[in-house]
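Structural characterization, general
Single-letter residue listing:
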Amino acid sequence: MIFWQLFSTFLMVGSFCFGGGFAIIPLIEKAVVENGWLTFAQFADVVAISQITPGPLATCAATFVGMKQAGIIGAVVAMLGLLLPSFVLMFIIVKFMAQFKHLKWVEAVLAGIRPVTIGMMAAAVIFFLQLSTLNEKIHFLQNPDWYHFSVQWGAMAIFIGVLVLQRFKINPLILMLSEGIFGGLFL
Amino acid sequence: MMKHKYWQLFLVFLKLGSFTFGGGYAMVSLMRRELVEVNTWMTDDEFTDCLAVSQSIPGVLAVNTSIYAGYRVAGSFGAMVAVLGCVLPSFLLVLVLAHFYGQMGQFPVIKKVFLGVTAGVTAIIAGAVVKLGKNAVKGSFGLCLCAITVVGMVVFEIHPIWLILGGALVGVWYSKQVKQ
């Protein structure tokens, strides 16, 4: 049943969500695009929506996918799946707070996971760069001719522009507005 | 009396959930101001603890911190109230946008706007990778893990779960090596 699928999919996302919104892009993408709920382009749209709405990417994705698949109840069910691991883990930790702080292996685990989350963010950059400038995600293993692609220079210009501009402390909302306006006008 | 506190807690997190764009970390500084300074519900030390624990467990950062802070302020029910306030604005807004998403196809300019935002967001993520990477990717150990992750994800399309579990195991293994 779709409700169970939504719940269990976002339960998985919520259980492996490390490193903040951007790092979990590949995680959500695997969960949602691979099972056919969204195309990769639609997923990129969801990421864009998460930027122009308040709140983190994960909750935006859960709400959006849940709604699309099974209406408002679907959205609620997906959210519950996403939130449950946090509640369960927090409950455990609060009960055993004193011991938790001194567990050396926790630090070791996190030390291993931290570079992985950075790698995941870098992978997300590559994926979205492919999508916005090449219009598709490249499947290297399935497609031996992968190096045949055409670049959308307009999108590339926005990418490079923002890459440079973010050095100057511009209000992120203004930056986003100009990205959108530039896109609407010139792409 | 307690009801008043729950309502206050809800409103504070509703505010946090409505005004923070860009994810959990953006919400953290605003949360600190509200919880420690404006409402004096926590000390700075307690808030630092909150952040440390929230980052040490999986789960959406904004949700983790809301649960911890809500629990500290008003027990289990406080935790639920805080999370509800935090996710409600996003939930309602996205619900509406999702509903009209199908019809957006009639307005190709919206697709272009989204594409522009996507291209820009990609650049912002790239900036975050560099900024966070300086602290998070340390030495050849970190660099190796990071590189393997990128190649694994982009070329071999491995599921992130395996990479995260692998990273955790390697982290534990490495810490044992270092001790010897």
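Overview of the nonpolar core
Core analysis: the biggest nonpolar cluster contains 119 residues, and Phe 10, Ile 25, Ile 28 and Phe 43 of chain A together with Phe 13 of chain B have the highest contact counts within it. With 19 residues, helix H4 (residues 61-101) of chain B is the largest single contributor of residues to this core. Not counting chain neighbours up to four residues away, the residues in contact with Ile 25 of chain A comprise Phe 43, Val 47, Leu 57, Ala 124 and Phe 128 of chain A together with Ile 125 of chain B. Residues Ala 155, Met 156, Ile 158 and Val 162 of chain A belong to the second largest nonpolar core, which totals 8 residues.

Here's the deal with the pattern of salt bridges
Scanning the model with the defined rule gives 4 salt bridges over all chains in all. Residue Glu 34 of chain A is joined to Lys 30 of chain A by a salt bridge in which the shortest nitrogen-to-oxygen separation is 3.6 Å. For Lys 30 of chain A, a relative accessible area of 10% translates into the label buried. Salt bridges linked by common partners bring Arg 32, Glu 37 and Asp 44 of chain B together as one network.

Things to note about helix H2 (residues 25-33) of chain A
With respect to burial, H2 of chain A is a largely interior element, 9 of its 9 residues being buried. Here H2 of chain A has its buried residues at Ile 25, Pro 26, Leu 27, Ile 28, Glu 29, Lys 30, Ala 31, Val 32 and Val 33 of chain A.

Observations regarding helix H3 (residues 40-52) of chain A
Residue and element names in this part refer to chain A. Relative to the 18 Å expected for 13 residues at 1.5 Å per residue, H3 spans 19 Å between its end C-alpha atoms, a close match to the ideal helical length. Most of H3 is tucked away, with 10 of its 13 residues classed as buried. Those residues of H3 that fall on the buried side of the exposure criterion are Phe 40, Phe 43, Ala 44, Asp 45, Val 46, Val 47, Ala 48, Ile 49, Ser 50 and Gln 51.

Some remarks on the interface of chain A and chain B
Contact with chain A, which involves 89 residues of that partner, is made by 83 residues of chain B. Taken over both partners, the interface formed by chain A and chain B buries close to 7800 Å², and the fraction arising from carbon and sulfur atoms is 80%. Among the residues chain A hides against chain B, the three largest losses belong to Pro 54, Met 90 and Ile 118 of chain A. Together they make up 8% of the total. Where chain A meets chain B, there are 0 salt bridges. Run the count over chain A and chain B and you get 5 residue pairs in polar contact (both at pLDDT 80 or more). Elements represented by at least two residues in the side of chain A that touches chain B include exactly helix H1 (2-15), H2, H3, helix H4 (57-95), helix H5 (97-101), helix H6 (104-134), helix H7 (153-165) and helix H8 (172-186) of chain A. Residue contributions to the side of chain A that touches chain B peak at 22 residues, all from H6 of chain A.

A word on the side chain of Glu 179 of chain A
Relative to the elements of secondary structure, Glu 179 of chain A occurs in helix H8. Exposure remark for Glu 179 of chain A: the relative accessible area of 2% places this residue in the buried category. Residues in contact with Glu 179 of chain A, not counting those within four places in the same chain, are Ile 158 and Val 162 of chain A together with Gly 116, Val 117, Gly 120, Val 121 and Ile 124 of chain B.

Side note on a nonpolar patch on the surface
Residue and element names in this part refer to chain A. Nonpolar side chains collect at one region of the surface, where Ile 160, Leu 163, Val 164, Leu 165, Phe 168, Ile 170 and Ile 174 lie side by side and expose about 600 Å² of accessible area between them. Of the residues forming the nonpolar patch, the biggest block, 4 residues, is contributed by H7. When you line up the elements, Ile 160 lands in helix H7. By relative accessible area, Ile 160 is classed as partly exposed at 45%.

Considerations on the packing of aromatic side chains
Applying the stated rule across the entire model yields 9 aromatic pairs over all chains. Judged by centre distance (3.9 Å) and plane angle (10°), the rings of Phe 141 of chain B and Tyr 174 of chain B are stacked. Taken together, the residues Phe 141 of chain B in helix H6 (residues 139-154) and Tyr 174 of chain B in helix H7 (residues 160-179) connect sequence positions 33 residues apart. In this structure Tyr 174 of chain B comes out as partly exposed when scored by relative accessible area, which is 34%. Among the aromatic side chains, those forming a connected cluster through ring pairs are Phe 40, Phe 43, Phe 127 and Phe 128 of chain A.

Digging into the confidence of the model for chain B
Residues and elements named next belong to chain B. Of all residues in chain B, 95% have pLDDT values of 70 or greater, and the mean over the chain is 85. Across chain B, the element-wise mean pLDDT spans from 78 in helix H2 (residues 24-38) up to 92 in H4. Taken together, the chains of this predicted complex give a pTM of 0.81 and an interface ipTM of 0.81.

Things to note about unusual backbone geometry
Residues and elements named next belong to chain B. Residue Thr 40 is not a glycine yet carries a positive backbone phi of 45°. Position of Thr 40 among the secondary structure elements: in the loop between H2 and helix H3 (44-56). For Thr 40, a relative accessible area of 58% puts it in the exposed group. Notably, Glu 157 is not glycine yet its phi reads approximately 50°, a positive angle. Within the secondary structure, Glu 157 sits in the loop between H6 and H7. Assessed through its relative accessible area of 15%, Glu 157 is described here as buried.

What counts and how
Residues numbered from 1 in each chain as written. Chains lettered and ligands numbered in written order. Predicted model: local features only at pLDDT ≥ 70, side-chain atom pairs only at ≥ 80, totals over all residues. Heavy atoms only, no water. Core = buried A, V, L, I, M, F, W, Y, C linked by side-chain atoms within 4.5 Å. Buried < 20%, exposed > 50% of the residue type's maximum accessible area, 1.4 Å probe, protein only. Helix = DSSP H or I, 4+ residues; strand = E, 2+ residues; numbered from the N terminus. Contact = heavy atoms within 4.5 Å. Salt bridge = Lys/Arg side-chain N within 4 Å of Asp/Glu carboxyl O. Expected span 1.5 Å × (residues − 1). Buried area = accessible area lost by both parts, 1.4 Å probe. Polar contact = N/O pair within 3.5 Å; in protein donor to acceptor, adjacent residues only side chain to side chain. Patch = residues over 30% accessible without salt bridge, like charges linked within 9 Å, V, L, I, M, F, W, Y side chains within 5 Å. Areas by Shrake-Rupley, 256 points an atom, 1.4 Å probe, with all protein chains shown as cover. Phe/Tyr/Trp six-rings, centres within 6.5 Å; stacked < 30°, edge-to-face > 60°. pLDDT = per-residue confidence, 0-100.

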